[in-house]
Amino acid sequence: MHRSDLTEPDPFAEYVGPVVDAASIPAPTPVAEHIPEPRPPAPADIVWADDLGEHTDAAQAEYDLLRRVEAQVAGEPVRRTRTPGTPPAISEGEPMPFAFVWVDAGSGRVIYRKEHSEPTTPRRLGVLGLRELIDNGFRLVVPDQYTAKRLSRAAAAAAAGDTPEAADAARVDRQLAVASRLSYSISLVVLTEALQRAYWLSADLDADDPLAWSRAFDPRLRLAGRPYQLMHSLLEAASQGQERTDATTAMFYGELAAIAAARHPGQRARVAAFQGMNRAENAAKVWDTTDLGLIGRNLVTGDVCAIEVSDTSGRGFTATMSQPFKLRTGHRHVFLAPPGDPAAEAAFVLMGVRATTSGDLIGQFEAVTTRRNAPAVPPAVTVAADAMANGRTLHITEEPYLPFLRSRGDDEEAGRWTRGRTVDRVRPRWGMPADVKVAHTTRTRKEHR
Amino acid sequence: MTAATIEERTAVEAGSPLAAALYELYSGAPVTVVAAPPGGGKSDLVARAVAHLFAHTDATITVATATNEQGTAIAERIMAEIGAHEGPFAVRVASGKMRVPEGAGSPKDKAKVRAVQVRTAASCKASPPATDFLIFDEAYQITFADFADGADRAAQVLVVGDPGQIGPVVTVDTTAWAHLRQAPHMRAPDVLSQREDATIINMPATYRLGPVTAGVLHPLYGWEFESRRPQRALAQMPGEVRTLELPVRETPFDLVSMTAVVDAALDYVGATLRVQTSGGSRSRDLTPADVAIVVSRRAQASAIEALLLERAGGAEDITVGTADKLQGGQWHAVVAVDPTLAGAESEHALASGRLCVMTSRHMTHLTWVYDDRWAAVLAGAPDAEDAARGAAVREGLLAAGELRRVGAC
């Protein structure tokens, strides 16, 4: 029988073998989108489909390679984003503690060490230990995707087993499934991924290797045999950067809600987990599209558009737009500017796009003013006029939108359509109208199940 | 002669899907799913069902739509069905950003007046309405998760939509639920249809598409439907479909290819439309406003818009857009560009929902533009079942259409 307490052999090491490789899990079901226009921002508007398909992918890969070659020339990692590689946790009291998890090179077992609280010496990690860490609000830090997948596979295998820990393992499995599928998880930090978000690593180094990152930051530092110190120093590097508070907060609370929902099985919990993940992913997208360090890359994908203002009027402005772009008519957009810059607060709507015979696209924009005592000239027009006067290029993107996360609280009634397989028929309160009674005939194509 | 009462005005026809849906609602069925083919009369059914419930009960009724525009449109339809009404208004728009039609109540009007509430699904999700009947229009554009949250306090639901339409955007990695038959990211009616307590009503006819197109699209639907469209045809182009084969190019927005697409659209301008109805036959020439070009990529749309500007005769009035944008619209003549053009293999290109939208916008005639790599692209698609449906539709189009080839240059 497999036990999971810390005095027994690590069940993870034993479960790794027979489990299906995560890479063989089928790709996400293609789900297309409906994006009519014009209309105000809605959840469905956050991501436009891959408009240029594989051509954009190739251009993006080319851009990434160029930046990494620059890092190679510089001889050190080059900053990629202004925001951190991993989002910070939002906490009013004590900050969420870290627990560093890695595979011990000697034994091949999964071990962990807490950052501050006891035990601070590395210990084997079993499924119950993992559950405890998650329950107690620890942020798991793993060096690479290999370790993250190993944790997930082990939890899935333990959940499938016939052991007393199976239920705990299933819960951990669900929670890891949520965390590992988020673009930027707060609960499960994969160091190589976080570093790749924050920095361009030299093109000749393997960005999936934590040691390569460590050597790149400080070639004199010898952390090869000291995994905890190595991970700690890399986490510090990955955490540096300017926060974007609203998106970070949304990411944090979205993930928190999803992880909490994933404690439970069933459709009701899955719906809540999905909604939390949805909010976190929308916030992650905002993190990426509004990061000033990523403007160049986002111009390649069209998430950001460079505009040259050619005319301004009382309520709006006209500008030549870079291509490709993913902006949509009827939608609100914003200028990309550092936090605190008045330009960052100015919103405007793309009213229409006109193509010229030379292939240029001219956008017509109208300022949005929501304040009651708005200035005579809307801020967006002021920014546009200033850019035109100084021959400055502006960068714009869709206005960030973060969907609501419904607070379920203690609402016992919640989950009418997800609690069970059926809902009871309602006792009819109104008599069947005669015309319906007569009209309801067997000629109707109908299936009853 | 006295004016008809609201009960008389909203009376239903024997054997109609509307009668079946209302029967279920009056019987207390918790979930009724109505699936319609393109041009099957979904909005008509929703508006008439709501008017009937409004006339015959004192129930609270809420209508939820995927977008604000759909909300305004359905509010107008419902008001027209209800007609003259004693209260200050019969329909109240309850979402702040939804345009309020003339004669309807606005969010500022207090909900004390008995009125049908029209809201977006997003608004319902944020604040679930306590309502006797919650009716989702265009329900295939809503995820099950949004439905479940939005309908939490609804006693009975009626979900109406076209299963061939493009579903909602899902940006979340959903592989964790890929093995489930009912998952939060799936389209709401797809999940609800699997429930034991659900009644499913399939609408039997399309009033937009002709019999040939209805037959071609059948693989994308799980039931047979027929064409009840009035007899319509273009004098210069017999049949409903023609196909235009392009040489394989490097990119799907190649300028020579897009020029051929523009030429095909301009063929329609001035063509004679003949309509045969019970009252006799009528004819008129098609104008640019009767023509649309539907593509799968915005880069294609941009190129085509620029090319149209160079042409004379009001060519810029031809509607151009992606399937996502033109979903819900209809035109007499449509040029549709195969999403797999130039060997595009992305999920975006392969999804049959997009294909369905592109091949069902025309009321009279369709030109299908493709190159001969489509079969190879579909053969490598990850979702073989969906690819097979897409292949069957394309084969149907090629069999139905008169073929034209554009030579390589």
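A. The arrangement of the overall build of chain A in detail. Secondary structure assignment for chain A yields 13 helices and 14 strands. A buried classification covers 49% of the 449 residues belonging to chain A. When contacts within chain A are restricted to residue pairs at least 6 apart in sequence, those whose partners lie at least 24 apart make up 68%. Roughly 21,000 Å² of accessible area belongs to chain A as shown, and the carbon and sulfur atoms make up 51% of that amount.

B. Representation of helix α15 (residues 384-400) of chain B. With 17 residues, α15 of chain B should reach 24 Å at 1.5 Å per residue; the first-to-last C-alpha distance of 24 Å fits that figure. Those residues of α15 of chain B lying buried are Asp386, Ala387, Gly390, Ala391, Val393, Arg394, Gly396 and Leu397 of chain B.

C. The arrangement of helix α4 (residues 145-160) of chain A in detail. Relative to the 22 Å expected for 16 residues at 1.5 Å per residue, α4 of chain A spans 22 Å between its end C-alpha atoms, a close match to the ideal helical length. Every buried residue of α4 of chain A is accounted for by Thr147, Ala148, Arg150, Leu151, Ser152, Arg153, Ala154, Ala155, Ala157 and Ala158 of chain A.

D. Seen up close, the packing of aromatic side chains. Evaluated as defined, the whole model comprises 21 aromatic pairs over all chains. When the ring of phenylalanine 136 of chain B is compared with that of phenylalanine 147 of chain B, the centres are 5.3 Å apart and the planes differ by 55°; the resulting orientation is tilted. Linking phenylalanine 136 of chain B in strand β5 (residues 131-136) with phenylalanine 147 of chain B in helix α6 (residues 144-150), this pair joins segments that are 11 residues apart in sequence. For phenylalanine 147 of chain B, a relative accessible area of 0% gives the class buried. One aromatic cluster is present, built from ring pairs that chain together Phe317, Phe335, Phe348 and Phe365 of chain A. Taking the ring centre of tyrosine 63 of chain A as reference, the NZ or CZ of arginine 67 of chain A above it sits at 4.7 Å.

E. Geometry of the sheet that holds strand β3 (residues 110-114) of chain A. Residue and element names in this part refer to chain A. Ordered in space as β4-β3-β2-β5-β6, the five strands form an open sheet in which the pairing is mixed. Edge positions in the open sheet fall to β4 (123-124) and β6 (188-190), since each of these has one partner strand only. Across three bridges, the pairing between strand β5 (residues 139-142) and β6 is parallel. Paired with leucine 140 across the two strands is leucine 188, which belongs to β6. Its contacts with the sheet place helix α8 (residues 227-239) against β2 (98-103), β3, β5 and β6, and it is angled at close to 130° to β2.

F. Here's a closer look at the nonpolar core. Ranked by internal contacts, the top residues of the largest apolar core, which has 97 residues, are Leu140 of chain A together with Phe136 and Phe147 of chain B. For this core, the element with the most residues is helix α10 (residues 267-289) of chain A, which contributes six residues. Counting residues in each nonpolar core, the second largest holds 44 residues, with Ala19, Ala55, Phe133 and Ile135 of chain B among its members.

G. Fine view of the pattern of salt bridges. Enumeration according to the criterion identifies 29 salt bridges over all chains in this entry. As a salt-bridge pair, lysine 285 of chain A and aspartate 303 of chain A come within 3.2 Å of each other at their nearest N and O atoms. Placement of lysine 285 of chain A in helix α10 and of aspartate 303 of chain A in the loop between α11 (295-301) and β8 (305-312) is noted, with a sequence separation of 18 residues between them. Judged by relative accessible area, which is 23%, lysine 285 of chain A ranks as partly exposed. Residue aspartate 303 of chain A is classed as buried on the basis of its relative accessible area of 14%. Residue aspartate 254 of chain B is joined to arginine 249 of chain B by a salt bridge in which the shortest nitrogen-to-oxygen separation is 3.6 Å. There is no split in this pair, since aspartate 254 of chain B and arginine 249 of chain B are both buried.

Reading guide: rules and limits
Residues numbered from 1 in each chain as written. Chains lettered and ligands numbered in written order. Predicted model: local features only at pLDDT ≥ 70, side-chain atom pairs only at ≥ 80, totals over all residues. Heavy atoms only, no water. Helix = DSSP H or I, 4+ residues; strand = E, 2+ residues; numbered from the N terminus. Buried < 20%, exposed > 50% of the residue type's maximum accessible area, 1.4 Å probe, protein only. Contact = heavy atoms within 4.5 Å. Areas by Shrake-Rupley, 256 points an atom, 1.4 Å probe, with all protein chains shown as cover. Expected span 1.5 Å × (residues − 1). Phe/Tyr/Trp six-rings, centres within 6.5 Å; stacked < 30°, edge-to-face > 60°. Lys NZ or Arg CZ within 6 Å of the ring centre and 35° of its normal. Pairing = 2+ DSSP bridges. Axes fitted to C-alpha atoms, helices over the stretch in contact; angles between N-to-C directions. Core = buried A, V, L, I, M, F, W, Y, C linked by side-chain atoms within 4.5 Å. Salt bridge = Lys/Arg side-chain N within 4 Å of Asp/Glu carboxyl O.

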